[in-house]
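# An overview of the molecular structure
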Amino acid sequence: MDKSFHIHNRARLGALMEPNSAALIFSGNELNRSADAYHLFAADRNFVYLTGIEQKQSILLIQKGEEGALSQRLYLLPRDLMAERWTGRRLSPEKAADISGIANIRSTEEFAGDFAALEFDKLYLDLFKNRESDYDRPAHLFAGAHPQLMVENLEPKLRKLRTIKQKCEIEALRRAEEMTKAGILAMMRASKPGMYEYQYKAEFDRALGQFGPAPAGFQSIISAGANNFCIHYDAYTGRAQDGDMVLNDVGAQWDGLIVDVSRGWPCNGKFTEKQRLLYECALKTSNYLFSIIRPGMKMRDVDATIRSYNAKLLVQAGVMESESQVGTYMWHGGAHHIGWDVHDMVEMPEILAPGMVFCVDVGIYHEAWGIGFRLEDNCLVTEEGCENLSAAIPRTIEEIEAVMAK
């Protein structure tokens, strides 16, 4: 994303704001892990969406005047040579302006005074926060200066902006799909009985590392055997025994955009009869969804159809006697949006429209047979129908066995 993307996003947000109002968006702070150790910092995704800046304790102020004119300020931590010696160089105003397209760059030390001097009737804050940080709990910054201020949640407006993906966002998702494919292929090719889950993860991480320093888009879910029955498993301590299915739910990120793909395969490279039967049900369900998704379809029908269509196939295959038993084998929903978050923050649409990107996720968990996996692909709604962005990642039994045979 270049600065034009972020400039455009701020203009779109400004158009949704009322006259004589202001909006504050915070990048957040690093989270303490233990003692003097901290988790890797990840800036608030709305802040990055609007600025391109990923530096902690940064603040974006957008003010809209009575006549609709927008003014924008970006507040950054001031230079601190001692702190930068330990934790890295902070952004200069020149660099921040080049990334964000904001000309007015100021120090966070000036923010409280600047804010107290402003005059406006309404303040928009992104209230969808759960971080323990003063930079995400800004009431103390304005309560004294503006005690009668009307505050409105900014989150619905940000959701509206992020629902339809722009061309550059879709291109970033395509690049993330290529990276994810490399990681999944690396795991397939290395797979063998006796392999530990953490070894599968190491193969995936190494493949992603060849594209750049960005980590995976979310905590990878990689499991084998009985661990497949924990939907968000991430311990990586299990070991694939001969005949076990390997489940992975993974995704790379590129330029801030995240994809979410699931593939399952037998660790020995050959599907058993029962594994093949269940996998074909999931694959046929997925293929059917990609054949019917198009603009105008109701979003709630995507998930409902995944469940009902797969239920019919499981009955036809003799796995269950009645479609009412589907809850025994399908444990979770089958569609969520992706983008700046793996479960992207969007305005949940009633009707599908071009530019929406979401997962088509078919999970089957047959505990009695010891078989659990999911087949998850990323669907881009187009003008005439849809496109499977992750279609190039091996997904048929023939494709998977051919890769693993090598």
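It should be noted that the structure appears before, not after, this text.
An account of the accompanying structure is given in this report. For clarity, every value in this text was computed on a predicted model and none was experimentally measured.

## Brief notes about the side chain of T51
Along the chain, T51 turns up in helix 2 (residues 45-51). You can call T51 buried: its relative accessible area is 0%. At 2.7 Å, the side chain of T51 and the backbone oxygen of F47 are in polar contact. Only 3.0 Å separates the side chain of T51 from the backbone nitrogen of I53, close enough to count as a polar contact.

## Quick notes on the environment of A224
With respect to the helices, strands and loops of the structure, A224 is situated in strand 9 (residues 221-224). Judged by its relative accessible area of 4%, A224 falls in the buried class. Sequence spacing of A224 and T237 is 13 residues, and the spatial spacing of their C-alpha atoms is 9.6 Å. Excluding residues within four positions of it along the chain, A224 makes contact with E197, A240, M245 and V246.

## Focus on the sheet that holds strand 5 (residues 70-76)
Ordered by their spatial adjacency, 6 strands build an open sheet running 6-5-4-1-7-8, and the pairing between neighbours is mixed. Strand pairing shows two members of the sheet lacking a second neighbour, strand 6 (105-107) and strand 8 (150-153), which therefore form its edges. Between one strand axis and the next, the sheet turns by 25° as a mean value, whatever way the strands run. Sheet topology places strand 5 next to strand 6; 3 bridges connect them, and they run parallel.

## Looking at the nonpolar core
Of all hydrophobic cores here, the largest spans 57 residues; its most connected members are Y200, W265, I293, L352 and F358. Here this core takes 7 residues from helix 10 (residues 273-292), the largest share from any one element. Those residues in contact with I293 that sit more than four places away from it in its chain are V302, L352, F358, V360, C379, V381, G385 and C386. Membership of the second largest hydrophobic core comes to 35 residues, among which are M17, I62, L74 and A96.

## Considerations on the packing of helix 8 (residues 167-190) against helix 12 (residues 397-405)
Look at helix 8 against helix 12: their axes get within 7 Å of each other, and the N-to-C directions meet at 65°. Viewed along their axes, helix 8 and helix 12 form a crossing whose handedness is right-handed. Between helix 8 and helix 12, the residues in contact are L185, M188 and R189 and I400, V403 and M404, respectively. Its residues assigned to classes, the contact of helix 8 with helix 12 comprises 5 nonpolar, no polar and 1 charged.

## A look at the pairing of strand 14 (residues 357-366)
For a regular strand, side chains alternate in direction, first toward one face of the sheet and then toward the other. Burial runs high along strand 14: 10 of the 10 residues are buried. Inspection of the sheet shows strand 14 paired to strand 15 (residues 371-381) by 10 bridges, in the antiparallel sense. The residue of strand 15 that forms the bridge with Y365 is G372. What sits between the antiparallel neighbours strand 14 and strand 15 is a turn of 4 residues, in which G370 has the positive phi angle 70°.

## So, the packing of aromatic side chains
Inspection of every chain in the model, using the stated rule, returns 12 aromatic pairs. Judged by centre distance (5.7 Å) and plane angle (65°), the rings of F115 and F120 are edge-to-face. Exposure remark for F115: the relative accessible area of 1% places this residue in the buried category. On the basis of relative accessibility, which here comes to 8%, the residue F120 falls in the buried class. Measuring from ring centre to ring centre gives 4.1 Å for Y288 and Y309, while their planes differ by 5°; the resulting arrangement is stacked. With Y288 in helix 10 and Y309 in helix 11 (residues 299-316), this pair connects stretches of sequence that are 21 residues apart. In this structure Y309 comes out as partly exposed when scored by relative accessible area, which is 26%. One aromatic cluster in this structure is built from Y75, F111, F115 and F120. Across the ring face of W254, the terminal group of R175 is positioned such that the distance to the ring centre comes to 5.0 Å.

## Quick word on the packing of helix 1 (residues 3-16) against helix 7 (residues 155-163)
Between helix 1 and helix 7, the least distance of the axes is 10 Å, while the angle of their chain directions is 135°. One way to sum up the angle between helix 1 and helix 7 is to call them oblique. The handedness of the crossing between helix 1 and helix 7 is right-handed. Together, N9, R12, L13 and L16 of helix 1 and K157, L158, K160 and L161 of helix 7 make up the contact between the two elements. Of the residues in the contact of helix 1 with helix 7, the class split is 4 nonpolar, 1 polar and 3 charged.

## Let's talk about the state of the cysteines
Per the counting criterion, the structure on display carries 0 disulfides. C359 forms no disulfide, and the closest cysteine sulfur to it belongs to C379, at a distance of 9.5 Å. Here C359 falls in the buried class, since its relative accessible area comes to 0%.

Conventions adopted
- Residues numbered from 1 in each chain as written.
- Predicted model: local features only at pLDDT ≥ 70, side-chain atom pairs only at ≥ 80, totals over all residues.
- Heavy atoms only, no water.
- Helix = DSSP H or I, 4+ residues; strand = E, 2+ residues; numbered from the N terminus.
- Buried < 20%, exposed > 50% of the residue type's maximum accessible area, 1.4 Å probe, protein only.
- Polar contact = N/O pair within 3.5 Å; in protein donor to acceptor, adjacent residues only side chain to side chain.
- Contact = heavy atoms within 4.5 Å.
- Pairing = 2+ DSSP bridges.
- Axes fitted to C-alpha atoms, helices over the stretch in contact; angles between N-to-C directions.
- Core = buried A, V, L, I, M, F, W, Y, C linked by side-chain atoms within 4.5 Å.
- Left-handed = near helix turned anticlockwise from the far one by under 90°.
- Nonpolar A, V, L, I, M, F, W, Y, C, P; charged D, E, K, R; others polar.
- Phe/Tyr/Trp six-rings, centres within 6.5 Å; stacked < 30°, edge-to-face > 60°.
- Lys NZ or Arg CZ within 6 Å of the ring centre and 35° of its normal.
- Parallel < 35°, antiparallel > 145°, perpendicular 65-115°, else oblique.
- Disulfide = S-S within 2.5 Å.

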